[in-house]
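Summary of the model geometry
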Amino acid sequence: MRIIVQKFGGTSVASPEVRQLVVKKINRAKEQGYAPVVVVSAMGRKGESYATDTLIEVARTANKNIAARELDQIMYCGEMISAVVMAGTLQANGLDAVMLTGGQAGIMTDTNFNNARIMKIDSAHIIRLLKQGKTPVVCGFQGMSAEGELTTLGRGGSDTTASALGGALNAELIEIYTDVDGIMTADPRIVSNAKILDCISYSEVCQLAHQGAKVIHPRAVEIAMQKSIPLVVKSTFSDAPGTLITNINKGDTGGTAVSDRIATGVTYLANIAQIKIATNNASDASFKAFKTMAESGISVDLINVNPGQIMFTISEDVADRATDKLLQLGFKVDTVYDCAKVSVVGGGMREVPGVMANFVEALSKNNIQILQTVDSHTSISVLVKKADMHKSVTALHEKFSLSN
Ligand code: ADP
Ligand code: ASP
Ligand code: MG
């Protein structure tokens, strides 16, 4: 049996008209000899009735600090509604579709509510359905713990469901259907002349996703990479071939982002706060500060430790809590709100002189203040004020000639 996993994101299942396009994609896969396993996200985006953001809002209206477990129970409903509607649509079009929750599809997770990790997948039920010629329609984003608790896999986690099922079923291909024609050199909502990438390595797309390109969940890429199953990101709304994610880029060693492109894409992460601590004993202060952050479950990024100052960034929603903890330790803390991280990712930038100079030139020419920078072999990131975020992405995209 040649299994294909086809995942359809929120906008791809949002209306009856679009769901007919989904039926066509599934029928085409069947005509090509595949046995499709369909995965769906909750219908629509923020503001729409059954979207995940809407469900979160409903729960938070009752209690803005509602427990993670209870939040998972309401988030679970979005994919349930979507999968029932999609299975019904397929049945109306002559397919023998069977709706499955994450648990019914055998996806077992830990109980880290809101961000559960898949521990194992029992694929027997899906295999049985496929052998009977049925088309499973699985709720993305969901799992079940050994104790029977319902969990979710982290925002954007339907991609993870698709990859994990692909891995467990030894699928030939995993298709991620969305509202853009593939992975692009930047978010097209910000850069209108962003270009589609025909092909990209797992490791490079992982970097892009970790640095904010939310077109695919980084965990989904990691899982597909472990089993070397090709992933294709493509549009439900067109017949464009999409972006193939695989190992084929020249010189790809699998571990790091590798291609011969100096710059592959520009990404951004908003809602970041910068913490600055003045100190005359940076080693001792950084030990205490980072230990406190770790004990409070706060992850830190963009770390700079200098003799007179420690700087790092955290997510803005935990900034007040982090500042309080640091003040309690007696530190002099300056918290800068409304920041954003903008990154250029490219496997070919290692050991190429002048990349940082170009990066800084693009920003300074546009009067963008740099609050902090950090670089690795395959990326350069900068912290800017959120108000400068779009301008920074556009300037860097242009400077690195990504639309050519
Ligand atoms: P879905 O619901 O289909 O999973 P998402 O909203 O999660 O859709 O992801 C698709 C969106 O990702 C696109 O509409 C686009 O605005 C955004 N995006 C961000 N960065 C990129 C990028 N580099 N390439 C393509 N799309 C991107
Ligand atoms: N519906 C979930 C979310 O909005 C999962 C997904 O769409 O991938 O995060
Ligand atoms: Mg998504």
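Given the structure is predicted, the values throughout are model-derived calculations rather than measurements.

Reading guide: rules and limits
- As a convention, each chain's residues are numbered from 1 in the sequence order in which they are written.
- Chains and ligands are labelled sequentially in the order written, the chains with letters from A and the ligands with numbers from 1.
- Two thresholds apply to this predicted model, a pLDDT of at least 70 for residue-level local features and 80 or more for giving and counting side-chain atom pairs, whereas whole-chain, interface and lining totals are computed over all residues.
- Excluding hydrogens and water, the side-chain figures rest on all heavy atoms present in the structure.
- The helix count covers DSSP runs of H or I at least four residues long, the strand count covers runs of E at least two residues long, and both are numbered beginning at the N terminus.
- Only protein chains enter the accessibility calculation, which uses a 1.4 Å probe. A residue is then buried if its area is under 20% of the maximum for its type, exposed if over 50%, and partly exposed in between.
- Throughout, a residue-residue contact means that at least one pair of heavy atoms, one from each residue, lies within 4.5 Å.
- The protein chains shown are the only cover counted for residues, whose accessible areas, like all others here, come from Shrake-Rupley with a 1.4 Å probe.
- Each residue is tested against the molecule or strand, and it is near if at least one of its non-hydrogen atoms lies within 4 Å.
- Within 3.5 Å is the distance limit for a polar contact, defined as a pair of N or O atoms, with the added protein rule that one can donate a hydrogen and the other accept it, and that residues adjacent in sequence qualify only through two side-chain atoms.
- Distance thresholds for patches are 9 Å for like charges and 5 Å for nonpolar side chains (Val, Leu, Ile, Met, Phe, Trp, Tyr), applied to residues having over 30% relative accessible area and no salt bridge.
- Any carboxyl oxygen of Asp or Glu within 4 Å of a side-chain nitrogen of Lys or Arg constitutes a salt bridge here.
- Note: two strands are recorded as paired if DSSP finds a minimum of 2 bridges between them.
- Throughout, an axis means a line fitted to C-alpha atoms (over the contacting stretch in the case of helices), and angles, computed between N-to-C directions, take values from 0 to 180 degrees.
- Note on angle classes: values under 35 degrees are labelled roughly parallel, values over 145 roughly antiparallel, values of 65 to 115 roughly perpendicular, and the remainder oblique.
- Following the grouping adopted for this structure description, the nonpolar residues are Ala, Val, Leu, Ile, Met, Phe, Trp, Tyr, Cys and Pro, the charged ones are Asp, Glu, Lys and Arg, and the polar ones are all others, Gly among them.
- Two rings from Phe, Tyr or Trp (for Trp, the six-membered ring) form a pair when their centres sit within 6.5 Å of each other. Planes less than 30 degrees apart are called stacked, planes more than 60 degrees apart edge-to-face, and all others tilted.
- Note on geometry: a ring has a charge over it if NZ (lysine) or CZ (arginine) is within 6 Å of the ring centre and within 35 degrees of the ring normal.
- Nonpolar cores were defined as sets of buried Ala, Val, Leu, Ile, Met, Phe, Trp, Tyr and Cys residues, with membership established by side-chain atoms within 4.5 Å.
- Less than a right angle of anticlockwise turn of the near helix away from the far helix marks a crossing as left-handed, whereas a clockwise turn marks it as right-handed.

Attention now moves to the overall build of the protein chain. Counting secondary structure elements, the protein chain contains 11 helices and 18 strands. Seen through its principal axes, the protein chain has C-alpha atoms that stretch 70 × 50 × 35 Å. Relative to its full complement of 404 residues, the protein chain shows a buried share of 53%. Within the protein chain, residue pairs in contact and separated by at least 24 positions form 73% of the contacts whose partners lie at least 6 positions apart. Accessible surface, the protein chain as shown: approximately 17700 Å² in total, 50% of it carbon and sulfur.

As a matter of local geometry, ligand 2 sits amid S41, A42, T52, E79, F141, R155, G156, G157 and S158. A distance of 3.2 Å is found between an oxygen atom of ligand 2 and a side-chain nitrogen or oxygen belonging to S41. A distance of 2.7 Å separates a nitrogen atom of ligand 2 from a polar atom in the side chain of E79. If ligand 2 stood free it would expose 260 Å²; the protein chains cover 86% of that surface.

What follows concerns a nonpolar patch on the surface. On the surface, M356, V360 and I370 cluster together to form a nonpolar patch covering roughly 180 Å² of accessible area. Mapped onto the fold, I370 is located in the loop between α10 (355–365) and β17 (372–375). Judged by relative accessible area, which is 31%, I370 ranks as partly exposed.

A word on the pairing of strand β14 (residues 301–305). In this sheet, strand β15 (residues 309–315) lies alongside β14 in antiparallel orientation, the contact comprising 3 bridges. Bridge assignment links V305 to a residue of β15, and that residue is I310. What sits between β14 and β15 in their antiparallel hairpin is a turn of 3 residues.

Another aspect to go through is the pairing of strand β6 (residues 135–139). Summarising burial for β6: 5 of the 5 residues are buried, a large majority. The alternating pattern of β6 places T135, V137 and C139 and P136 and V138 on opposite faces, both of which are buried. Two elements, strand β3 (residues 97–100) and β6, share 4 bridges in a ladder whose sense is parallel. Of the residues in β6, the one forming a bridge with A97 is T135.

Right, let's get into the packing of helix α5 (residues 158–168) against helix α7 (residues 218–226). As a packed pair, α5 and α7 sit with axes 7 Å apart at the nearest point and diverge in direction by 10 degrees. Between α5 and α7, the angle falls in the class roughly parallel. In this structure, α5 uses D159, T160, S163 and A164 to contact α7, whose residues at the interface are R219, A220, I223 and A224. Residue classes in the contact of α5 with α7 are distributed as 4 nonpolar, 2 polar and 2 charged.

Throughout the structure, instances matching the rule amount to 2 aromatic pairs. Ring geometry for F8 versus Y177: centroids 4.8 Å apart, planes at 10 degrees, classification stacked. Taken together, the positions of F8 in strand β1 (residues 3–8) and Y177 in strand β9 (residues 173–178) put the pair 169 residues apart, joining distant regions of the chain. Of the two residues, F8 and Y177, both sit in the buried class. The ring of Y34 has R2 sitting right over it, with the charged end atom 4.3 Å from the ring centre.

As a further point, take the nonpolar core. Membership of the largest hydrophobic core comes to 34 residues, with the highest contact counts inside it found for V37, I126, I216 and I245. Within the residue set of this core, elements represented by two or more residues are β1, β2 (35–40), α4 (124–131), α5, β9, α6 (202–210), α7 and β11 (231–235). Per element, the largest residue contribution to this core is 4 residues, and it comes from α6. With residues up to four places along the chain from it excluded, the contact list for I126 reads V37, L100, A105, P136, V138, L165 and L169.

In this section: the packing of helix α8 (residues 282–295) against helix α9 (residues 319–328). Remark: α8 packs on α9, axes separated minimally by 10 Å, with the N-to-C direction vectors making an angle of 135 degrees. On the basis of their axis angle, the class for α8 and α9 is oblique. You can see that α8 and α9 cross each other, and the crossing is right-handed. From α8, A289, T292 and M293 reach across to α9, where they touch A322, K325 and L326. Residues that form the contact of α8 with α9 fall into these classes: 4 nonpolar, 1 polar and 1 charged.

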